[in-house]
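Here is how the chains run, residue by residue.
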Amino acid sequence: SEYDLGHFVQTLEAPSEVALQPGEYPVVTLMIFSQYPAEGEVADPSSCSIDQSDEVVDYNDKPLMITEVSLMYRTNLQYSKEPQLARPRLYGTDEEWLAAHVRPFFDAPCDQDTAISNGGWFETEGFLSIKSHFDLAARGYISCEGGVQDEDIGSWSSLSDYFSDGEMPNKTGGFRALHLLRRLWACANANGGDYSTCEYSAAETSRLANAVAIKEMERFEAATWSCGAICGGTGDVAFDLTTAEEVSYFVHFFDVMVSEGSLISQEDVLTLQTTLESMIDVFVDTFWTRKWQLWNGNNWTPHLCVAALEWAIVFWHESSGLAAHVLAIVNDIMWLHRDYYTEDGVYIEGVAEYGFMSMNGQMAMAALLQASFGISLAAIDAEIIQRLASYFISSMSSDGYIVDFGDSHRKRGWTIPLAVIEAAIAPASVNGDAISEASINSVQARAFSAASYGSGGFYSNPWRIRGNVLIFDSLNNLRTPPLYESQPLGGQVMDIFQAGGYARILTPLMSSGIQSPVCFLSKCIDPAFPSLWDNIPYSSFSFQARPNTYAHSEVDFGTFIWSAWGSRLISEFGYGTIATSVISLDP
């Protein structure tokens, strides 16, 4: 039989006349029967009692039965192009990458209406500066504030540890170094090897490249590839959070550094390639053995999938069969994550950090797939992601802290602001569509900037800042001043997300007739520019009532938070918060 031949998986094709569309799946009916063992019967066919075969085979008195069957429906994946043969491959060719994700930021004009740095919680007035966010993450200075780079490439604090004894740069610094090296080499290659128009000289580029090669191979040799029991595993082999982060990091390292000759020895190249492929084998095994790390469908799923997708792109031509298999897995498994969004845009695990993790992985995959394969990930619903932007903004309390329902934290302001922006322009972020308006209005846009964390791109990985976010600054009617200075975030509004079980009532505490200036001690509201003080003259009442089958919402029925005059006055969580490990101290 098929089982005797070791065929544990049967692959069946759905009839063509069914004409299934992406996201649809067939209903399958199984007929299961049981029988007594085929071995151990007595030779006499007239005696078929199993009692007569006691000494022939163990368990001869137990019936053979199927107790579990797993059905997996997989979609055919068609793409219009493949990653180029030359390296680097991530985000397309150098020319495509520079045009889509680098030059738009360099060429964007300085906007005097933006809080170039230190907005929101850092008390500078103005709208979020996307250009400056990229500057700080990718260049280490803010050009719109007159910042310029030093001729010494090691003077940037993110890179300085590459030139010191013993110190290992953090991984954000590593991503920045790799991003800069690709920019420099791409610039020089486009100009026949001439670095005169590039950000740094050939000598400085070479100095950084050699330092990165040495330090990063040291990091690779000391790498830990799994968090195991620490992050919920049982010690068995599985592709987990740590595995994904290490794979993503060293895939970027391999793609950029191997593109430039002999910086990495052939022996180290082979070691990197072999190790990374062995981790991807674990990813594939995690899929086929249905391990929870991937099959939960929660925030882990995009986090793991984006690392595997990056590997598939970088090794598309060297491990073509495995890479294509990984691409198909990502395409299929991401449908499980779609269920973590309700129809009205609520991400059911909470905003910070899992909502941010979800967006980070999904938006990176969207850009990678468009650049390398010319496709969009069908499992990402751009319309629902658009609604997520309003849910995010409604999840900010009037004290400037995120509402910490579900598995979310009480975070000061928008520490990952691009997640909100990419949601607001989701058709462009997900599918590369041209758009003329955002999914949020001018009141929401002002509220977003008024509660930004203000650190710009100081903590950001420049590879995850994509050029399409600049579209947000070009859209009309997002900076319309408020009607009343005393109500900078508009009049009373009730945001109801019925499917997600969340609502917020935002009520102004000052009448519209209050004369200017409107100040709180020395902090005054400016109708032209959002600031943290816009939140003060409001009461916000946020509450959650949802099925306890939602992830991380086991007792989230009737929880509420009330803030007024810039302070959080009541937080009723029912069972405490995830921020405290001592249960007796939880409210």
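### Thoughts on the overall build of the protein chain
- Within the protein chain one finds 17 helices and nine strands.
- The buried share among the 587 residues of the protein chain stands at 52%.
- A separation threshold of at least 6 residues defines the contact pool for the protein chain, and within that pool the share at least 24 residues apart is 71%.

### Section: the packing of aromatic side chains
- For the coordinates displayed, the defined rule picks out 35 aromatic pairs.
- When the centroid spacing of 4.8 Å and the interplanar angle of 45° are considered together, the rings of Phe-254 and Phe-315 count as tilted. Of this pair, Phe-254 sits in helix 7 (residues 241-257) while Phe-315 sits in the loop between helix 10 (300-314) and helix 11 (320-338); the two residues are 61 residues apart in sequence, bridging distant segments of the chain.
- According to the relative accessible area criterion, Phe-254 is buried, its value standing at 2%.
- Of the aromatic side chains, those joined through ring pairs into one cluster are Phe-356, Tyr-391, Phe-392, Phe-405, Trp-414, Phe-448, Phe-497 and Tyr-502.
- Positioned above the aromatic ring of Phe-163, the side-chain terminus of Arg-207 is 4.4 Å from the ring centre.

### Examining helix 5 (residues 171-190)
- Here helix 5 is 20 residues long and its end C-alpha atoms lie 28 Å apart, about the 28 Å a rise of 1.5 Å per residue gives.
- Among the 20 residues in helix 5, 16 count as buried, and that is most of the element.
- The N-terminus of helix 5 is capped by Asn-170, whose side-chain oxygen sits 3.2 Å from the backbone nitrogen of Thr-172.
- One or two positions beyond helix 5, positive phi appears at Gly-192, with a value near 65°.

### A closer look at helix 13 (residues 382-394)
- Relative to the 18 Å expected for 13 residues at 1.5 Å per residue, helix 13 spans 19 Å between its end C-alpha atoms, a close match to the ideal helical length.
- Most of helix 13 is tucked away, with ten of its 13 residues classed as buried.
- Listed in full, the buried residues belonging to helix 13 are Ala-382, Ile-384, Ile-385, Leu-388, Ala-389, Ser-390, Tyr-391, Phe-392, Ile-393 and Ser-394.
- In this structure, the buried side of helix 13 is in contact with helix 12 (351-373), helix 14 (417-424), helix 15 (426-431), helix 16 (442-450), strand 3 (493-497) and strand 4 (502-508).
- The residue sitting at the N-terminus of helix 13 and contributing the capping side-chain oxygen is Asp-381; that oxygen lies 3.0 Å from the backbone nitrogen of Glu-383.

### Some points on the nonpolar core
- Counting 148 residues, the largest nonpolar core has Val-247, Phe-283, Trp-311, Val-326, Phe-392 and Trp-414 as its most contacted members.
- Among all residues touching Val-326, those that are not within four sequence positions of it are Ile-280, Phe-283, Val-284, Ala-308, Leu-309, Trp-311 and Ala-312.
- The next biggest cluster of nonpolar side chains, apart from the first, holds ten residues, and it includes Val-518, Phe-520, Ile-525 and Trp-533.

### What about unusual backbone geometry?
- For the bond from Arg-87 to Pro-88, the omega torsion is -5°, close enough to zero to count as cis.
- Note on placement: Pro-88 falls in the segment before helix 1 (94-101).
- Here the amide bond leading from Ser-516 into Pro-517 is cis, since omega sits at 0°, within 30 degrees of zero.
- Its location among the elements puts Pro-517 in the loop between strand 4 and strand 5 (519-520).
- Not every positive phi belongs to a glycine, and Asn-118 is a case in point at roughly 65°.
- For Asn-118, the position within the fold is in the loop between strand 1 (114-115) and strand 2 (127-128).
- On the basis of relative accessible area, Asn-118 is assigned to the partly exposed category, the value being 34%.

### Some words on the pairing of strand 9 (residues 567-572)
- Bridge analysis of strand 8 (residues 559-564) against strand 9 gives five bridges, and the strand direction is antiparallel. Across the sheet, residue Phe-560 finds its bridge partner in strand 9, namely Glu-572.
- What sits between strand 8 and strand 9 in their antiparallel hairpin is a turn of two residues, with Trp-565 showing a positive phi close to 55°.

### Topic: the side chain of Thr-114
- Turning to its location among the elements, Thr-114 is positioned in strand 1.
- Judged by its relative accessible area of 8%, Thr-114 is buried.

### Regarding the state of the cysteines
- The full count for this structure, using the stated rule, is three disulfides.
- Each sulfur of the disulfide joining Cys-110 and Cys-144 lies 2.1 Å from the other. One quick way to see it: the torsion about the S-S bond of Cys-110 and Cys-144 is about -95°, and its sign makes the bridge left-handed. Placement of the pair is Cys-110 in the loop between helix 2 (103-107) and strand 1 and Cys-144 in the loop between helix 3 (130-138) and helix 4 (157-160), with a sequence separation of 34 residues.
- Given a relative accessible area of 39%, Cys-110 falls into the partly exposed group.

### Focus on the environment of Ser-226
- Within the element layout of this structure, Ser-226 appears in the loop between helix 6 (202-221) and helix 7.
- As for Ser-226 and Ala-244, which are separated by 18 residues in sequence, their C-alpha atoms are 8.6 Å apart.
- Within polar-contact distance, the side chain of Ser-226 engages the backbone nitrogen of Gly-228 at 3.1 Å.
- Of note is the side chain of Ser-226, whose polar atom sits 2.6 Å from the side chain of Asp-240.

### Some remarks on the pairing of strand 3
- Inspection of the sheet shows strand 3 paired to strand 4 by five bridges, in the antiparallel sense. Directly across from Met-494, in strand 4, lies its bridge partner Ile-505.

### Quick word on the sheet that holds strand 3
- Taken in spatial order, the five strands of this open sheet run 3-4-7-8-9, and their pairing is antiparallel. Only two strands of the sheet have a single neighbouring strand rather than two, namely strand 3 and strand 9. Taken pair by pair, the neighbouring strands of this sheet meet at an average axis angle of 10°, ignoring direction.
- Packing against the sheet, helix 13 makes contact with strand 3 and strand 4, and its axis sits at approximately 125° to strand 3.

### Re the environment of Val-256
- For Val-256, the position within the fold is in helix 7.
- Judged by its relative accessible area of 2%, Val-256 falls in the buried class.
- Along the sequence, Val-256 and Arg-89 sit 167 residues apart, while their C-alpha atoms lie 8.5 Å from each other.
- Those residues within four positions of Val-256 in sequence are excluded, and the remaining contacts are Pro-88, Leu-178, Leu-181, Arg-182, Trp-185 and Trp-463.

### With respect to the pattern of salt bridges
- Considering all chains together, one arrives at 24 salt bridges under this definition.
- The shortest N-O distance in the salt bridge between Glu-216 and Arg-219 comes to 2.7 Å. One end of the pair is Glu-216 and the other is Arg-219, both in helix 6 and three residues apart, which spans about a single turn.
- You can call Glu-216 buried: its relative accessible area is 1%.
- For Arg-338, the salt bridge goes to Asp-381, with nearest N and O atoms at 2.9 Å. With Arg-338 in helix 11 and Asp-381 in the loop between helix 12 and helix 13, this pair connects stretches of sequence that are 43 residues apart.
- Here the residues in one salt-bridge network are Arg-87, Arg-89, Asp-255 and Glu-318, joined through shared partners.

Thresholds, definitions, all that
- Along each chain, residues carry numbers from 1 onward, in the same order as the chain's sequence is written.
- Totals for whole chains, interfaces and linings use all residues, but because this is a predicted model, local features are given only for residues with pLDDT of at least 70 and pairs of side-chain atoms are given and counted only at 80 or more.
- Processing note: side-chain calculations cover all non-hydrogen atoms of the structure and skip hydrogens and water entirely.
- A run of H or I in DSSP counts as a helix once it spans at least four residues, and a run of E counts as a strand once it spans at least two, with each numbered from the N terminus.
- Working definition: with a 1.4 Å probe on protein chains only, accessible area under 20% of the residue-type maximum means buried, over 50% means exposed, and in between means partly exposed.
- Contacts are residue-level and defined by heavy atoms, with any inter-residue pair within 4.5 Å sufficient.
- Ring geometry is summarised as follows: Phe, Tyr and Trp rings, the Trp one being its six-membered ring, pair when their centres sit within 6.5 Å, and such pairs are stacked at plane angles under 30 degrees, edge-to-face over 60 and tilted between the two.
- Whether a charge sits over a ring comes down to the Lys NZ or Arg CZ being within 6 Å of the ring centre and within 35 degrees of the ring normal.
- Take the number of residues in a helix, subtract one, and multiply by 1.5 Å to get its expected span.
- Under this definition, polar contacts are N or O atom pairs within 3.5 Å; protein pairs additionally need one hydrogen-donor-capable and one acceptor-capable atom, and for neighbouring residues in sequence, both atoms have to be side-chain atoms.
- Note on terminology: a nonpolar core comprises buried Ala, Val, Leu, Ile, Met, Phe, Trp, Tyr and Cys residues joined through side-chain atoms within 4.5 Å.
- The criterion for strand pairing is that DSSP finds at least two bridges linking the strands in question.
- Sulfur atoms of two cysteines make up a disulfide when they are within 2.5 Å.
- Between N-to-C directions, angles cover 0 to 180 degrees, with each direction set by a line fitted to C-alpha atoms, over the stretch in contact for helices.
- Basic side-chain nitrogens of Lys or Arg form a salt bridge, by our definition, when they fall within 4 Å of a carboxyl oxygen of Asp or Glu.

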